[in-house]
Amino acid sequence: MTGLAEAIVDLDAIAHNTRLLAEAVGNAQLMAVVKANGFGHGATAIARTALAGGASWLGVTSLSEALELRAQGITAPLLMWLYAPDEDLARATEHDIDVSVSSVAALEKLAAGRPANVHLKADTGLSRAGATADEWPHLITAAARLQDRGRVRVRGIWSHLAHAENPADPALRRQLDAFADARAQAAAGGVVAPLTHLANSAAALQLPATHFDLVRAGIALYGIEPVTGREFGLRPAMTLRATVILTKRVPAGSGVSYGPDHVTDRETTLALVPVGFADGVPRAAAGRAEVNVRGINCPVIGRIAMDQIVVDVGSLPVRAGDAVTVFGPGAAGEPTVADWARWAGTNPHEILTGVGPRVPRRYEGQTGPSSVQVTPRLRQRQNGWPTGSV
Ligand SMILES: *Cc1c(COP(=O)(O)O)cnc(C)c1O
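A short tour of the structure in this document, coming up. (Residues numbered from 1 in each chain as written. Predicted model: local features only at pLDDT ≥ 70, side-chain atom pairs only at ≥ 80, totals over all residues. Heavy atoms only, no water.)

Below, the discussion takes up the side chain of Ser254. Position of Ser254 relative to the elements: it lies in the loop between strand 11 (246–250) and strand 12 (268–273). Here Pro251 takes part through its backbone oxygen, which lies 2.7 Å from a polar atom of the side chain of Ser254. Not counting chain neighbours up to four residues away, the residues in contact with Ser254 comprise His262, Val263 and Thr264. (Helix = DSSP H or I, 4+ residues; strand = E, 2+ residues; numbered from the N terminus. Polar contact = N/O pair within 3.5 Å; in protein donor to acceptor, adjacent residues only side chain to side chain. Contact = heavy atoms within 4.5 Å.)

Next up, the structure:
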């Protein structure tokens, strides 16, 4: 590799995970959730790969994420679910983007423009978005009225699970019951949507009763096993690599990185690796984290800084220019995203989405090796340098 660090995204793994999910959900359609820049992997590349591999829908959080996919020429059905009260949702309709609706106010605002495709969201126990059981009848009444007048098209009725990891959790049963009630009320109120959807990754893989017409898969698409203690054969897609930029031999008693946290207890070799918390290496993992150098997992010592970490490589013959795997699929024993999540006391989602914008994403597999994709700001700077300058 060239440069300080890169995130290699294995599109064959994304394709594999898409196929595995599509098989698991049988007749239901699959929505690839590509919010937050495709969980840090790059939304456009993931969207294209997932659509080629069997997904038929895309899901994002925001209007800007949705518009970016449309700007890249992606025409697949697309749902967005969060927006501010003053957001210009006419732009969503213009670009054929379906919009989640949790309130009568939002529905009426959407109905004022060109007929929008909406997915009515019921809050069945997460207490985030979605209409509560009290609000739902009003939302249904308004939707029936506006649909009859041709002002909106109700394409979906949906909700989101809080407890899909544990099939025996009574809270899951309560959510399923609440969702059944919401659907029955919609039908009784004359709102029949072609799509009912509820499942996330964990539910897609282990709860067939939640599949309905469409499942929304995020984390599993990226190869992270969504259910603790169960293996479904997913393949992690992202490898975070960096280059050793300096090594040094230090005596026992050398302080390492900021503060008093680490002092060497023997003579050893330290390797300087230019990734830090701005790149997604979580500061909270200090004292536990390891990275793989020359096939060996070596401890990250001292505090994790914004831009760099120090690795104790002992007596390994490590040299500047050597590749370091911060995390990868784990097949060669290197740390995984799940390891980093454990070390940092967080979930794999936060590790993946934390990989910073200055880390270029490089895509492998599927369409063959591709050029390094740099963030727009970096590309601008690179283009700003006269050719041949150093
Ligand atoms: C993020 C998200 C998903 C994907 O969840 P995973 O557990 O990552 O599969 C599905 N639905 C909604 C509404 C989401 O916000």
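Scanning the entire structure with this criterion turns up 14 salt bridges. Linking Arg362 and Glu6 is a salt bridge whose minimum nitrogen-to-oxygen distance equals 2.7 Å. With Arg362 in strand 17 (residues 361–364) and Glu6 in strand 1 (residues 5–10), this residue pair connects regions lying 356 residues apart in the sequence. As a salt-bridge pair, Asp312 and Arg266 come within 3.0 Å of each other at their nearest N and O atoms. Here the residue Asp312 occupies a position in strand 15 (residues 309–314), and Arg266 occupies one in the loop between strand 11 and strand 12, the gap between them amounting to 46 residues. On the basis of relative accessibility, which here comes to 9%, the residue Asp312 falls in the buried class. Here the salt bridges do not stand alone but share partners, grouping Glu6, Arg362 and Glu364 into one network. (Salt bridge = Lys/Arg side-chain N within 4 Å of Asp/Glu carboxyl O. Buried < 20%, exposed > 50% of the residue type's maximum accessible area, 1.4 Å probe, protein only.)

Glancing now at the pairing of strand 10 (residues 238–243). The element strand 10 is largely enclosed, with a buried count of five among its six residues. Of the pairings in the sheet, the one linking strand 1 to strand 10 comprises five bridges and is antiparallel in character. Its bridge partner being in strand 10, Ala5 is matched across the sheet by Ala242. Across four bridges, the pairing between strand 10 and strand 16 (residues 323–327) is antiparallel. Across the sheet, residue Thr243 finds its bridge partner in strand 16, namely Ala323. (Pairing = 2+ DSSP bridges.)

Here we take up the packing of helix 7 (residues 136–148) against helix 8 (residues 170–188). Their axes nearest at 9 Å, the elements helix 7 and helix 8 cross at an angle of 35 degrees. With respect to the hand of their crossing, helix 7 and helix 8 are arranged in right-handed fashion. Contact residues: helix 7 offers Trp136, Pro137 and Ile140, while helix 8 offers Ala182, Gln185 and Ala186. Partitioning the contact of helix 7 with helix 8 into residue classes produces five nonpolar, one polar and no charged. (Axes fitted to C-alpha atoms, helices over the stretch in contact; angles between N-to-C directions. Left-handed = near helix turned anticlockwise from the far one by under 90°. Nonpolar A, V, L, I, M, F, W, Y, C, P; charged D, E, K, R; others polar.)

Right, let's talk about the site of the ligand for a bit. All residues adjacent to the ligand are Val33, Lys35, Phe39, Trp81, Trp158, His160, Asn200, Ser201, Arg216, Ala217, Gly218 and Ile219. Between the ligand and Lys35 there is a distance of 2.7 Å, counted from an oxygen atom to a side-chain nitrogen or oxygen. In the environment of the ligand, a nitrogen atom lies 3.5 Å from a nitrogen or oxygen atom belonging to the side chain of His160. Elements supplying a minimum of two residues to the shell around the ligand: helix 2 (35–39) and strand 9 (214–217). Class assignment for the residues of the shell around the ligand results in six nonpolar, four polar and two charged. (Near = heavy atom within 4 Å.)

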